[in-house]
Structures are given as C-alpha cells and as structure tokens.
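Okay, here's what each chain looks like letter by letter:
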Number of protein chains: 2
Amino acid sequence: MDPKKADIPEEPKSTRDRLIDAAMRLFVENGFEATGVSAILQSAGVRSGSLYYFFKSKEELLIAVLERYVDLLRPVILEPAEAATDDAVERVFALLTRYRSFLEETGCRHGCPIGNLALEISDHHDTARSLVLKNFDNWCAGVEKWLQDAGDRLPRDLDRGELARFVLTVMEGAQMQAKAEKRIEAYDKSVAQLRSYFSCLEQIARTETKS
Amino acid sequence: MDPKKADIPEEPKSTRDRLIDAAMRLFVENGFEATGVSAILQSAGVRSGSLYYFFKSKEELLIAVLERYVDLLRPVILEPAEAATDDAVERVFALLTRYRSFLEETGCRHGCPIGNLALEISDHHDTARSLVLKNFDNWCAGVEKWLQDAGDRLPRDLDRGELARFVLTVMEGAQMQAKAEKRIEAYDKSVAQLRSYFSCLEQIARTETKS
DNA sequence: GTCTATAAGAGGATAGAC
DNA sequence: GTCTATCCTCTTATAGAC
C-alpha cells in the first residue's frame, strides 16, 4: 500500500468518475454500440440529467473513457511490467502475462479494451479513433524503450520500433482469438511463438557480438 | 473467364442472396450492432416482409453471413494463395498479401471481416461465435497444411498447427492496427517481422538438416 | 414470395423544477 | 449538480392483403 495514499481517506468517487467507470466496464463487456445509456446510468447509480450535465453525448463519454485509458497506461500496464523484472526483454513478456491475467480473470471475456473498441468505432467516430491511436502509440513507445534498453542482446540492425509494433500485433491478435474461443489456449500459443522469435533474435545478436 | 460459367447466363440473384450480400457488406463496414435492418433492406432493394420471410431475426441473418464466409474461405482465400505459388512457405505470404489488397482497396476500412465481427459478437451471440471459430479453424487448417508441405524447411520439432495459429494472430493484430490508423504501414511492418521469424526458422532447419 | 402499414419498445437526448 | 418526466426518433419485428 502506498502510505501517501493511505493517509488520505478514500473520497467517494465523483458522479463524473462513476459514469466513466461504469461506461469503461460496459463498453469492454458489451461493446460501444451494444451498451445503452440506460445501462450505464443504472450501473453508475446516476440519473440521465447528470450524465448529460457532464457529457454532451454518449460519444463524449466514450472519449472520456479513452482518455482515462491513456492516463492509466503507464501506472496500470507499463509500470507493473517494469516492476516485475529488470530484464529488458523479460519486461515484454511480463506485460503479456499481465494481459493474460485480464483474460483469465474474466473467463476470456475481456482482453485489451482498446483493441476491442478499435475495430468497432474506427470508421465512424474520428475523435475516439485518434485516442485509440494514442493508446496504441504510447503502448508501443513504452515497449520500444525496453527493446532499446536490451542493447546488443538484439540484432544491431533490428528496428526496435517495428518490433514493438509487432508485440502489439501479437497481443491483439492473440486476445482476439482467446475472446472468440473463450479459452486462453490460442493466446498462450501465440505468446510462445513470439518467445521463440525473440530467442532467434537473441541468438543472432550473440553471433554478431562474437564477430 | 471460366468457360463453364460463361455458358450459363448470369441468373439474377435471389432475394435471399441479395440480403446476405448486403448484410455482409454492411456488417464489415459498420459492424453488426451499428447496422440497422432498414439499411440492409435499402441496400438489397428488399422490403422487410421478405427479409423476415427468409430469416426469423437479424441475428439469423448474421449467422447466414458467417456461413457464407465459411463457404467462401476455400475459393476466395485459400485457393488464390495456392494458385499464386507452389512454394509452401510463400503461400503463407501470398495469403497475407491478399488481405493487404483488401485493406488497400478500401482505404484500410476493411481487413478481415471475421476478426471485426469476432470481438463485437463473441459475448452475446453464441451460435455466431461458433461460426467465427469455424472460420478461424478452417483458415488455420489450410495454413497448417502448407506448413506441413514445407517439410524440413522448418525445424523438425516445430508445431505446424501452432505456427499456423500464429500467422492468424499476426494477420488479425496487423489488420486491426491498419484499420485503426487508416494506414497500411503497421500491417506491412508486422508482416515484415513475421517474414523475419520465418527466415530464422528456415535457418534453424538448415543447420538441423546438415547435422 | 412480396407488398404496405404499423405495432411495440428501446434508443439517445432534453426541459425545467429543485 | 441532481431529479423527474418526457420527447422524438429509430429500431426490430409482425400482420395481413395480394
């Protein structure tokens, strides 16, 4: 427990935060379109007057949700992976293990909330789409940093940014299948293949260093 | 042109087929929830009475769409890749090039229709979900066959089925990002990394064969 | 098999009192 | 900032004539 926080009594969440919390949960469970405003209101214990006092539309609430994800990325996703290990490469797999936990805890119903929204909204909600990109970009920047820290454990001419993108690609593709199958198996197998790729890259880097 | 087909005059499509065609197009463009029955009717030039004569609900129409995808997989996806090259490994990348075309032709709005639906419907439409799985499974079975044909070009102890799954993972994750970004770049970079992985595997297989 | 008309309800959003 | 009541549109789906 963070002592700095323990001193401050838990303030009851604001109405606005409760709405964002409820929307975040329902959007990832049911998707944006399939989630009714009334369900959000009920889940947050709020009346419609209040929702439309804070947000001018359901889409604005979605935007607030995606901004919240941007804020949560570092403390909830990246930092735990950095705390898990000092090994630069292992941080990548600690991250993937964390997403695995999200899947397991929910019977493979949730995986990556951003990915789930990305496909649904990218055509018709352009502001939301740009926030999806911001989440993806920040995620990749975090992973790229680790891959740069890996130094000569990876091949010299390997583009760290491209490999970071590839890690996102694998995570998203893998969670999609786990969600569709409601089983973790495809996720694990995909991560195993990614691990195998990393092993190959590290092997190549070792022969480079010798010469 | 297939002469066998050229002899048969193009029969006007049945109402049922027109409905499936229209739904297929609209579901991939806008998603399942965001597509109204009225839009399907208008696009197909059909009245609601006819739709509900053939399908008992919008969900049954979705199921028909997913069954159509099952039927189209071999002729539209797998066979063109097999026709493109006799090289077993290159067939995998011919397949990925074909999905790239789908993305390019639509300004990255469509990629894999199944993947787009998978995340949206997997929670609440269980029959549809099982058809998504059938599409994924058949796709992977096709790719796995090619990887088996590759024989000792791939490492002996490498699980061909697992690698085929990984190809699907990469394709889905890559098209998700291309769709979110409305740019093909992330797709190309992901496929480039997959190519790099295959190169590593082939290199390993070569050293195995020598010994 | 297809048409028109419409039911029945849920959807998002607003008004105005408090 | 929050409440109740409600508007209006759009949604899926049905009824019954042709």
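Every chain begins its residue count from 1, and numbering advances along the sequence as written. For this description, chains carry letters from A and ligands carry numbers from 1, given in the order in which they are written. Side-chain atom pairs in this predicted model are given and counted only at pLDDT of 80 or more, local residue features only at pLDDT of at least 70, and totals for whole chains, interfaces and linings cover all residues. In computing side-chain properties, one takes all heavy atoms of the structure into account and sets aside hydrogens as well as water.

Q: Would you mind going over the protein's contact with DNA strand C in detail, with residue names and values included?
A: In the region of DNA strand C, 15 residues are neighbours, and Val37(A), Ser48(A), Tyr52(A), Lys58(A) and Thr15(B) sit closest. Each atom of DNA strand C within 4 Å of the protein belongs either to a base or to sugar and phosphate, the latter forming 62%. Pairs of N or O atoms are called polar contacts if they sit within 3.5 Å, as long as, within protein, a hydrogen donor faces a hydrogen acceptor (for residues adjacent in sequence, only side-chain-to-side-chain pairs). Here a phosphate oxygen of DNA strand C and a backbone polar atom of Thr35(A) are 3.5 Å apart. Interatomic distance of 2.6 Å between a side-chain N/O atom of Ser48(A) and a base oxygen of DNA strand C. Among the secondary structure elements, those contributing two or more residues to the surface near DNA strand C are α3 (37-44) and α4 (48-54) of chain A together with α4 (48-54) of chain B. A helix here means a DSSP run of H or I that spans at least four residues, while a strand means a run of E at least two residues long, and both kinds are numbered starting from the N terminus. When residues in the surface near DNA strand C are grouped by element, the largest group, five residues, is from α4(B). Put simply, Ala, Val, Leu, Ile, Met, Phe, Trp, Tyr, Cys and Pro go in the nonpolar bin, Asp, Glu, Lys and Arg in the charged bin, and everything else, Gly too, in the polar bin. In terms of residue class, the surface near DNA strand C is made up of four nonpolar, nine polar and two charged. The rule for a residue being near a molecule or strand is that one of its heavy atoms must lie within 4 Å of it.

Q: Before we move on, could you go through the state of the cysteines and cite the residues and values that matter?
A: Residues and elements named next belong to chain B. The disulfide definition used here is simple: a pair of cysteine sulfur atoms within 2.5 Å. In total, this model carries zero disulfides over all chains according to the counting rule given. In this structure Cys 108 is not part of a disulfide, and its nearest cysteine sulfur, from Cys 112, lies 14 Å away. Think of it in three bands: residues with accessible area under 20% of the maximum for their type are buried, residues over 50% are exposed, and the middle band is partly exposed, with areas taken using a 1.4 Å probe on protein chains only. The buried category is assigned to Cys 108, whose relative accessible area is 6%. Cys 112 supplies the cysteine sulfur nearest to Cys 140, a cysteine that is in no disulfide, at a spacing of 11 Å. The class of Cys 140 is buried, set by a relative accessible area of 5%.

Q: Account for the relation of the copies chain A and chain B, naming residues and giving values.
A: The superposition of copies rests on a least-squares fit of C-alpha positions from residues with pLDDT of 70 or more in both. Taken as rigid bodies, chain A and chain B are interconverted by a rotation of 180° and an axial shift of 0.0 Å, the fit giving an RMSD of 0.0 Å. What we have between these two chains is a two-fold relation. Every residue of chain A has its C-alpha some distance from the rotation axis, and the shortest such distance is that of Gly173(A), at 2.0 Å. The contact criterion used throughout is that any non-hydrogen atoms of two residues lie within 4.5 Å. Comparing contact sets, 100% of the residues at the interface of chain A also lie at the interface in chain B, consistent with an isologous, same-surface contact.

Q: Give a description of the environment of Val143(A) that names residues and reports values.
A: Residue and element names in this part refer to chain A. With respect to the secondary-structure elements, Val 143 resides in helix α8 (residues 126-149). Along the primary structure Val 143 and Val 89 are separated by 54 residues, whereas in three dimensions their C-alpha atoms are 9.3 Å apart. Each residue touching Val 143, except ones within four places of it in the same chain, is listed here: Val 92, Leu 95, Ala 164 and Val 167.

Q: Residue-level account of the side chain of Asn135(A), with values.
A: All names here are of chain A. Relative to the assigned elements, Asn 135 resides in helix α8. On the basis of relative accessible area, Asn 135 is assigned to the buried category, the value being 5%. One polar contact links the side chain of Asn 135 to the main-chain carbonyl oxygen of Leu 131, over a distance of 2.9 Å. Residues contacting Asn 135, with those up to four places away along its chain left out, are Leu 66, Tyr 69, Val 70, Leu 73 and Ile 114.

Q: So, the domain arrangement of chain A: which residues are in play, and what are the values?
A: Residue and element names in this part refer to chain A. Examined at the domain level, chain A breaks down into domain 1 (1-55) and domain 2 (69-210). The start and end points of each domain follow an automatic or database-based domain assignment. Centre-to-centre separation of domain 1 and domain 2, based on C-alpha positions: 27 Å. Taken residue by residue, the interface counts eight residues in domain 1 and 10 residues in domain 2. Between domain 1 and domain 2, a total of about 700 Å² is buried, with carbon and sulfur atoms accounting for 66% of that surface. Buried area, as used here, totals the accessible surface that two parts lose on assembly, with accessibility defined by a 1.4 Å probe and the loss added over both. The largest contributions to the domain 1 side of the interface with domain 2 come from Met 24, Val 28 and Phe 32, which together make up 69% of the buried area. At the boundary of domain 1 with domain 2, the tally comes to two residue pairs in polar contact (both at pLDDT 80 or more). Residue composition of the side of domain 1 that touches domain 2, grouped by class: five nonpolar, one polar and two charged.

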